[in-house]
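The residues making up each chain are set out below.
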Amino acid sequence: MKKRIVCLVLGLTMMLSQTFTVSATTEQQLKQEKSQAESRLSETNDAIDALSAKQMQVQAEINSMDADMVDLMIQIDATKSDISSTEQSITDTQNSITAKEADITVKQGEIEQTQAELAQAEADRDQQYEDMKKRIKYIYENGGNSAWVNVILGSGDFSSMLNRAEYAQSMHEYDRDSLDKYIETVDQVTELKNNLETQKTELETQKTELENQKSSLENQKASLESQKADLEYQQSDLQSRIDEKKATSSDYESQIAAARQQASEISNLIAQQEAEINRLAEERRQAEEAARRAEAEAAQRAAEEAARRASQSNQSSSTGNSNSGSSNSSGSSNSSGSSNSSGGSSSSGSSSNSGSSSSGVSGSAIVAYADQFVGNPYVWGGNSLTNGIDCSHFVWQVLKNTGAYSGGYTTSAGWRSLGKPVSSLSQARAGDVICYSGHVAIYDGYGGIVEAKGSKWGITHDRRADHTTILAIRRFT
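Computed from a predicted model, the values in this text were never measured in an experiment.

Caption draft 1: Highlighting the side chain of Ser52. Mapped onto the fold, Ser52 is located in helix α1 (residues 2-141). By relative accessible area, which is 19% here, Ser52 ends up buried. Contacts of Ser52, omitting those with residues within four sequence positions, involve Ile256 and Arg260.

Caption draft 2: Spatial organisation of the side chain of Lys107. The topology assignment puts Lys107 in helix α1. Setting aside residues up to four positions removed in sequence, Lys107 forms contacts with Leu196, Gln199, Lys200 and Leu203.

Caption draft 3: How the structure looks around the packing of helix α4 (residues 363-371) against helix α5 (residues 391-402). Between α4 and α5, the shortest axis-to-axis distance is 10 Å and the interhelical angle comes to 125°. As judged from the angle between their axes, α4 and α5 are oblique. Our pair here, α4 against α5, has a crossing hand that is right-handed. Touching Ile366, Tyr369 and Ala370 of α4 are Phe394, Gln397, Val398, Leu399, Asn401 and Thr402, all from α5.

Caption draft 4: Structural view of the nonpolar core. If you look at the biggest cluster of nonpolar residues, it comprises 28 residues, and the most contacted ones within it are Phe394, Leu399, Trp415, Val433 and Ile442. If one sorts the elements of this core by residue count, α5 sits on top with six residues. Apart from residues lying up to four places away in sequence, Ile442 is in contact with Ile366, Val367, Ala370, Phe394, Val395, Val398, Gly431, Asp432, Gly448, Ile449 and Val450. Grouped together as the second largest cluster of nonpolar side chains are 12 residues, Ile62, Ile256, Ala259 and Ala263 included.

Caption draft 5: Representation of a negative patch on the surface. A cluster of acidic residues, Glu173, Asp177, Asp180, Glu184, Asp187 and Glu191, forms a negative patch on the protein surface. With respect to the element layout, Glu184 can be found in helix α3 (residues 158-354).

Caption draft 6: Expanded view of the pattern of salt bridges. Overall, the coordinates contain 18 salt bridges when judged by the stated rule. One salt bridge in this structure joins Glu38 and Lys34, with 3.9 Å as the shortest N-O distance. Here Glu38 pairs with Lys34, and both are found in helix α1, just four residues apart, close to one helical turn. Glu38 gets classed as partly exposed once you look at its relative accessible area, which sits at 37%. A residue is classified by how much of its surface remains accessible, and Lys34, at 18% relative accessible area, is buried.

Caption draft 7: Representation of the packing of aromatic side chains within the structure. Applying the stated criterion across every chain yields a total of five aromatic pairs. Ring geometry for Trp396 versus Tyr409: centroids 5.7 Å apart, planes at 70°, classification edge-to-face. Here Tyr409 lies in the loop between α5 and β3 (420-421) and Trp396 lies in helix α5, a separation of 13 residues in the sequence. With a relative accessible area of 12%, Trp396 lands in the buried category. Of the residues examined, Tyr409 reaches a relative accessible area of 36% and is grouped as partly exposed. Ring-pair connections join several aromatic residues into one group, and the members of that group are Tyr405, Trp415 and Phe476. Positioned above the aromatic ring of Trp396 is the side chain of Lys400, whose terminal nitrogen or guanidinium carbon lies 4.3 Å from the ring centre.

Criteria and thresholds
Residues numbered from 1 in each chain as written. Predicted model: local features only at pLDDT ≥ 70, side-chain atom pairs only at ≥ 80, totals over all residues. Heavy atoms only, no water. Helix = DSSP H or I, 4+ residues; strand = E, 2+ residues; numbered from the N terminus. Buried < 20%, exposed > 50% of the residue type's maximum accessible area, 1.4 Å probe, protein only. Contact = heavy atoms within 4.5 Å. Axes fitted to C-alpha atoms, helices over the stretch in contact; angles between N-to-C directions. Parallel < 35°, antiparallel > 145°, perpendicular 65-115°, else oblique. Left-handed = near helix turned anticlockwise from the far one by under 90°. Core = buried A, V, L, I, M, F, W, Y, C linked by side-chain atoms within 4.5 Å. Patch = residues over 30% accessible without salt bridge, like charges linked within 9 Å, V, L, I, M, F, W, Y side chains within 5 Å. Areas by Shrake-Rupley, 256 points an atom, 1.4 Å probe, with all protein chains shown as cover. Salt bridge = Lys/Arg side-chain N within 4 Å of Asp/Glu carboxyl O. Lys, Arg positive; Asp, Glu negative; His and termini not counted. Charge placed at Lys NZ, Arg CZ, Asp CG, Glu CD. Phe/Tyr/Trp six-rings, centres within 6.5 Å; stacked < 30°, edge-to-face > 60°. Lys NZ or Arg CZ within 6 Å of the ring centre and 35° of its normal.

Shown next, in the form of structure tokens:
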């Protein structure tokens, strides 16, 4: 009995030490994964900072371009205003040219009228001059001054003579006055004609100047329009570059948003890993405490059992000495037979239920290890006993972590050819692997199974092993 208790203590200690090793390995793996996640988070944050710096640089360029755009728009508006002002000046100049042309036309008419008047005056002057020359010629041809005397003296009386003398004087004065008058008229008309022509020349000079001014204004307008076209081209090109920069900034914004989402997910993962590490550390601490208590209790029970057996041995020796003569032969035979029979039966039953193995891993230890994950989620293709796992990975992890199996992962069908075959469910022991069509589970030794049942149920210990057709039973203990 003492040997059995010691074996039990050693088995429990080994099972707990294996559990601690598994927990420590899982905890260490989580810490490594957490360190990797923190490294990824740092890289992601660095990427976010780099993208933000680039976006800020692009935004600064956009702001500078916007300022340039405002300057271009101001220049374009000023150029448009100059063009409008120049067009108005061209219109005013053209109106002035038209007015000058009208004035020149009027002056030309006045000149032509004056020219006609001058011609008429000159004709009258010439006619008067010719008439006067004829009279002078007549007088000269008829005796000169004596002719005037004969005219005067040929009068019949003195009164007639005076009248003739007065007439002759009047004719002479008339001719001279008319000639002077015509000469003065010709001079006045000539002067007027010259003035009009001078005014016409001045008007034509003014018209030429206005036409030159108009041409200069038109050249200025063309230059302004060219300048405006160049500014509008610069505006269009600048707007295209602003649009490109805005598209780049938007792309950076999308990358930053994606990186921030990734950083958030990594942070959540780190938080989950930290929580899981803390949970595993607490479980390890509790398991270590439980192991220490169990070891102490087992040692105490072993000591008590040893003391009890020593006491019984002493009592049996005393009783045997006192009764050896009367009951030694038959009593010893019966006791031995009964003890041997009972012991054999008990040993056989215990071996069938506990599933002790030559590798040192008990089937009950395998079941106990598997039971601690009951309630955790099922994930198809998953390989985490805590965060999600499927049926074949569950069996593999349990056997591997308890030391019953050291091979690589295999599918539910692959388990049918591993381990040692068991002929039937009646011969199955705790820790055996039961294979079904598309499914695999761990037998608990009492007709039930521990399994990663499905996404609806997770890891369970609530079904009978014979709930459906069993294709194979394999032993690893």
